[in-house]
Amino acid sequence: MFTGGTARLLISNEGTAPLEVTVEPWADLHRLPPDRTCVVVTHSPTADGSWSGTLRKNEPFQINHRPDSVTVWANGVCFHLTDADGNTIEADDSHCPARGHTS
């Protein structure tokens, strides 16, 4: 049973071309159309809701930005993407057993 915390990161594309969004460490690639927002949701693997972090301890995300792309390192047990209203963007959630839980 999932008992950790949940973190959400909003990514908005205010440009005129699609923005490439890559979520690591799974290398999942998504294209975010102009004037759209997506949300990367990840879940903590620990019962107390803490995060291992990549550069600093206890951070659920690390973001690398380039002019036409964004790479997000999600430091949880899994991740999934939604739109700004919470509708699923990616249908395949087999890599995310904690999906749907909002502790």
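Our structure is the block above this text.
First, a word on scope: everything that follows refers to the structure included in this document. Note that this is a predicted model, so its numbers are computed, not measured.

Our focus in this paragraph is the pairing of strand 6 (residues 69-74). Extensive coverage of strand 6 is indicated by the burial of 5 of its 6 residues. Alignment of strand 2 (residues 19-24) against strand 6, held across 5 bridges, turns out to be parallel. Each residue of the ladder has a partner; that of Glu20, found in strand 6, is Ser69. Direction of pairing for strand 5 (residues 61-66) relative to strand 6: antiparallel, over a ladder of 6 bridges. Along strand 6, the bridge assignment pairs His65 with Val70. Hairpin connection between strand 5 and strand 6: a loop of 2 residues separates the two successive antiparallel strands.

A separate point is the sheet that holds strand 6. Here we have 4 strands laid out as an open sheet, ordered 3-2-6-5, and mixed in their pairing. The open sheet has two free edges, formed respectively by strand 3 (28-32) and strand 5, since each of these has just one partner strand. Taken over all neighbouring pairs, the strand axes of this sheet differ in orientation by 20° on average, direction set aside.

A complete count under the given rule lists 1 salt bridge for this structure. Put simply, Glu20 and Arg31 hold a salt bridge, and the shortest N to O gap is 3.2 Å. Separated by 11 residues along the polypeptide, Glu20 in strand 2 and Arg31 in strand 3 bring together distant segments of the chain. Owing to a relative accessible area of 57%, Arg31 belongs among the exposed residues under this scheme.

Counting 16 residues, the largest nonpolar core has Ile11, Val40, Phe61 and Val72 as its most contacted members. Those elements that provide at least two residues to this core are strand 1 (6-13), strand 2, strand 4 (36-43), strand 6 and strand 7 (79-83). Not counting residues within four places of it along the chain, the set of residues in contact with Phe61 comprises Ala7, Arg8, Leu9, Val40, Thr42, Val72, Trp73, Ala74 and Asn75.

As a further point, take the sheet that holds strand 1. Strand order in the open sheet formed by 3 strands is 1-4-7, and the pairing between neighbours is antiparallel. On the outer flanks of this sheet lie strand 1 and strand 7, each paired with one strand and no other. With strand direction ignored, the average angle separating the axes of adjacent strands in the sheet is 25°. Of the pairings in the sheet, the one linking strand 1 to strand 4 comprises 8 bridges and is antiparallel in character. Counterpart to Leu10 in the pairing with strand 4 is Val39.

Conventions adopted
Residues numbered from 1 in each chain as written. Predicted model: local features only at pLDDT ≥ 70, side-chain atom pairs only at ≥ 80, totals over all residues. Heavy atoms only, no water. Buried < 20%, exposed > 50% of the residue type's maximum accessible area, 1.4 Å probe, protein only. Helix = DSSP H or I, 4+ residues; strand = E, 2+ residues; numbered from the N terminus. Pairing = 2+ DSSP bridges. Axes fitted to C-alpha atoms, helices over the stretch in contact; angles between N-to-C directions. Salt bridge = Lys/Arg side-chain N within 4 Å of Asp/Glu carboxyl O. Core = buried A, V, L, I, M, F, W, Y, C linked by side-chain atoms within 4.5 Å. Contact = heavy atoms within 4.5 Å.

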